[in-house]
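So you can see what is in the structure, the chains are spelled out below.
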Protein chains: 2
Amino acid sequence: MVDVAEFPGNGPIRLTCKDCSLAELCLPRGVSPDDMGRFETMVDQRPPLSRDEPLYRTGDRFTALYAVKSGSLKTLVSTQDGENQITGFYLPGELFGFDGFDDNHSCSAVALERSNVCELPLDSIEELSSNIPSLRRELDRLMARQINSDQSMLLLLSRRSADERLATFLVSLSMRFQQRGFSANEFRLSMSRHDIANYLGLAAETVSRLFKRLKESKIASVNGRTIIVHDFDALRDGIDGCAGSLPERNLA
Amino acid sequence: MVDVAEFPGNGPIRLTCKDCSLAELCLPRGVSPDDMGRFETMVDQRPPLSRDEPLYRTGDRFTALYAVKSGSLKTLVSTQDGENQITGFYLPGELFGFDGFDDNHSCSAVALERSNVCELPLDSIEELSSNIPSLRRELDRLMARQINSDQSMLLLLSRRSADERLATFLVSLSMRFQQRGFSANEFRLSMSRHDIANYLGLAAETVSRLFKRLKESKIASVNGRTIIVHDFDALRDGIDGCAGSLPERNLA
DNA sequence: TTAGCAACTTGATGTAGATCAAGAAGGGGC
DNA sequence: GCCCCTTCTTGATCTACATCAAGTTGCTAA
């Protein structure tokens, strides 16, 4: 069983970082080794974040994008009255922080567990992407994917039942793990039931009951935060025609 | 009473179009008259769209961004089983189409009424924004605002009651009208009850009942698609602390 | 090992808003 | 004007999920 805590660094991803065990993480294919080298020197590793520690908060000045090296994070929007809505989870190898491009961050980003992230400073991004049009284009794509992902979530939250939401979430997570060389069937959830519920617009109790039903119907084994999907097709079937609009969030 | 059908073209906005009555629509402040002139020649007006006519569909190749000259449009994501979720409404002077930046459009855009739009071809955008860094930065901001707006909607849909959703929607619409020189208190809804309900994740009947309650409590007069807000504060109060996270969608 | 707490589970009950079903009111076209 | 068709309203009923209330499990720490 693979744990998401440490990212192996041999997946098919795209950007190098001088201090990272990550092989590549965000640079588009077709970039010269020379440009690649210049990019490396611009990526900084941040001090490790402990559980519940924020990387940035709503309103913070936007200075950089971030890539998850190990661990995982969530982003959330808040209201005056202290309510939160989790807007995304980020796994090793994924890039996030686009919410800040309008000068200030509109979300907070918080570590779900002990995590390492790399920083891509805005200055470097701008300088380099003005020299490498394909990088510029790639960043546009990543932002567009963020938009698409958020809009798929809108559909999920307003038109889908609780079980469809959870099934969609699990399938999406599974695909993201698989894409990075982890097992698609067996993985560890780094977020609490409460976080899953919040993300999916449900109550934590409901999520718990849905996991119970997945166990009873032999679709998946759920033991604490460890999940093994036995019947992927049944899970997908539960989603009922919206497979194409999964929040696949191919970020990076 | 102001109708949104025709945009007066004297608002504080930013981009010129050679055939448009719009004065300016998207170019950032501080751009030289020279660059402005070059930009003008790149904007094309499209043939008018009639009601329910699509401007682009999910999966269409991304070739341009669009600005609303007159009328209004909606964007929507769809599922295999034919269900739709409206992801946004666009009023005169607003820019949209960012969902396509990942090569293909992930939404469809459909006219709500007879509408005119201007087209900003991708090629022109790329060429010009590589020469004018501030334009590049402005486009990033617009995309970020789209992300922020979508994420505010996530919060609205999953954590807010039906009346809070409608109040938020009306306040947001009102602000957008005001920003473009229209009355903030009195405006015409170009979308059906069904569209409003779909956008807010509700049933059309519920929207109808909520409008009735707004009338009964003297907060607003609602007569068909014409709305007059009498007590703006009461409307805002109904939103309960989430005023800061309104989908203000300052697009353009 | 055991205490203390947070995370999770499970059951009982309540309710906001969906759905179903009929009418009423607009609003183009002729 | 009048017809037809869509949109909107209003009421009655139903239900998925939230909320409330106890447990239970499982870390973490000494």
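1. Structural notes on the sheet that holds strand β8 (residues 116-121) of chain A
Residues and elements named next belong to chain A. Read from one edge to the other, the open sheet built from 4 strands follows the order β1-β8-β3-β6, with strand pairing classed as antiparallel. Looking at strand neighbours, the two that pair on one side only are β1 (44-45) and β6 (95-96), the edges of this open sheet. Pairing of strand β3 (residues 64-70) with β6, which is carried by 2 bridges, proceeds in the antiparallel orientation. In the sheet register, Tyr66 faces β6, and the bridge partner there is Phe96.

2. With respect to the packing of helix α4 (residues 162-179) of chain B against helix α6 (residues 204-216) of chain B
Geometry of a packed helix pair, given as the angle between the helix axes and the separation of the axes. Residues and elements named next belong to chain B. Between α4 and α6, the shortest axis-to-axis distance is 10 Å and the interhelical angle comes to 75°. Considering their axes alone, α4 and α6 lie roughly perpendicular with respect to each other. Contacts between α4 and α6 involve Ala162, Asp163, Leu166 and Leu170 from the former and Thr206, Leu210, Phe211, Arg213 and Leu214 from the latter. Residue classes in the contact of α4 with α6 are distributed as 6 nonpolar, 1 polar and 2 charged.

3. Some words on the relation of the copies chain B and chain A
Take chain B, turn it by 180°, move it 0.0 Å along the axis, and it overlays chain A with an RMSD of 0.0 Å. Taken together, the turn and the small shift mark the pair as related by a two-fold rotation axis. A symmetric contact is evident, with 100% of the interface residues of chain B recurring at the interface of chain A.

4. Examining the sheet that holds strand β8 (residues 116-121) of chain B
Residue and element names in this part refer to chain B. With respect to topology, 4 strands assemble into an open sheet ordered β1-β8-β3-β6, the strand pairing being antiparallel. Looking at strand neighbours, the two that pair on one side only are β1 (44-45) and β6 (95-96), the edges of this open sheet. Direction of pairing for strand β3 (residues 64-70) relative to β8: antiparallel, over a ladder of 6 bridges. Pairing of Ser70 across the sheet is with Asn116, part of β8. The strands that helix α2 (residues 122-131) touches are β3 and β8; relative to β8, the one it contacts most, it runs at about 55°.

5. Some remarks on the protein's contact with DNA strand D
Of all residues adjacent to DNA strand D, which total 17 residues, the nearest are Ala162(A), Leu202(A), Thr206(A), Ser208(B) and Arg209(B). Of all atoms in DNA strand D that approach within 4 Å of the protein, 63% are sugar or phosphate atoms. In the environment of DNA strand D, a phosphate oxygen lies 2.9 Å from a nitrogen or oxygen atom belonging to the side chain of Arg193(B). Within the residue set of the surface near DNA strand D, elements represented by two or more residues are α6 (204-216) of chain A together with α5 (193-200) and α6 of chain B. If one sorts the elements of the surface near DNA strand D by residue count, α6(B) sits on top with 4 residues. Split into classes, the residues belonging to the surface near DNA strand D amount to 3 nonpolar, 6 polar and 8 charged.

6. Regarding the pairing of strand β5 (residues 84-90) of chain A
Residues and elements named next belong to chain A. Among the 7 residues of β5, 6 are classified as buried, and the element is accordingly described as predominantly covered. One ladder, built from 6 bridges, connects strand β4 (residues 73-78) with β5; its direction is antiparallel. Paired with Val77 across the strands is Gln85, a residue of β5. The antiparallel pairing of β4 with β5 creates a hairpin that spans 5 residues between the two strands, and Gly82 there sits at a positive phi of about 85°.

7. Brief notes about the side chain of Arg165(B)
All names here are of chain B. Within the element layout of this structure, Arg165 appears in helix α4. No salt bridge forms around the buried Arg165; measuring N to O, its nearest opposite-charge neighbour Glu164 is 7.1 Å away. A distance of 3.0 Å separates the side chain of Arg165 from the backbone oxygen of Leu157, its partner in a polar contact. If we ignore the near neighbours within four places in the chain, the residues touching Arg165 are Leu156, Leu157, Arg160, Leu200, Gly201 and Leu202.

8. Observations regarding the interface of chain B and chain A
Counting from both sides, the interface comprises 47 residues of chain B and, opposite them, 47 residues of chain A. For the pair chain B and chain A, the two sides together bury roughly 4100 Å², of which 52% comes from carbon and sulfur. A per-residue breakdown of the area chain B buries against chain A is headed by Gln151(B), Leu154(B) and Arg159(B), which together make up 17% of the total. There are 18 salt bridges connecting chain B and chain A. Between Asp140(A) and Arg136(B) there is a salt bridge, with its nearest N and O atoms 3.0 Å apart. In this structure, the connection of chain B to chain A is made through 20 residue pairs in polar contact (both at pLDDT 80 or more). Of all elements in the fold, only β4 (73-78), β5 (84-90), α2 and α3 (133-159) of chain B reach the threshold of two or more residues within the side of chain B that touches chain A. At 18 residues, the largest contribution of residues to the side of chain B that touches chain A is made by α3(B). Considered class by class, the residues forming the side of chain B that touches chain A number 16 nonpolar, 16 polar and 15 charged.

Analysis parameters
- Residues numbered from 1 in each chain as written.
- Chains lettered and ligands numbered in written order.
- Predicted model: local features only at pLDDT ≥ 70, side-chain atom pairs only at ≥ 80, totals over all residues.
- Heavy atoms only, no water.
- Pairing = 2+ DSSP bridges.
- Helix = DSSP H or I, 4+ residues; strand = E, 2+ residues; numbered from the N terminus.
- Axes fitted to C-alpha atoms, helices over the stretch in contact; angles between N-to-C directions.
- Parallel < 35°, antiparallel > 145°, perpendicular 65-115°, else oblique.
- Contact = heavy atoms within 4.5 Å.
- Nonpolar A, V, L, I, M, F, W, Y, C, P; charged D, E, K, R; others polar.
- Least-squares fit on C-alpha atoms with pLDDT ≥ 70 in both.
- Near = heavy atom within 4 Å.
- Polar contact = N/O pair within 3.5 Å; in protein donor to acceptor, adjacent residues only side chain to side chain.
- Buried < 20%, exposed > 50% of the residue type's maximum accessible area, 1.4 Å probe, protein only.
- Lys, Arg positive; Asp, Glu negative; His and termini not counted.
- Salt bridge = Lys/Arg side-chain N within 4 Å of Asp/Glu carboxyl O.
- Buried area = accessible area lost by both parts, 1.4 Å probe.

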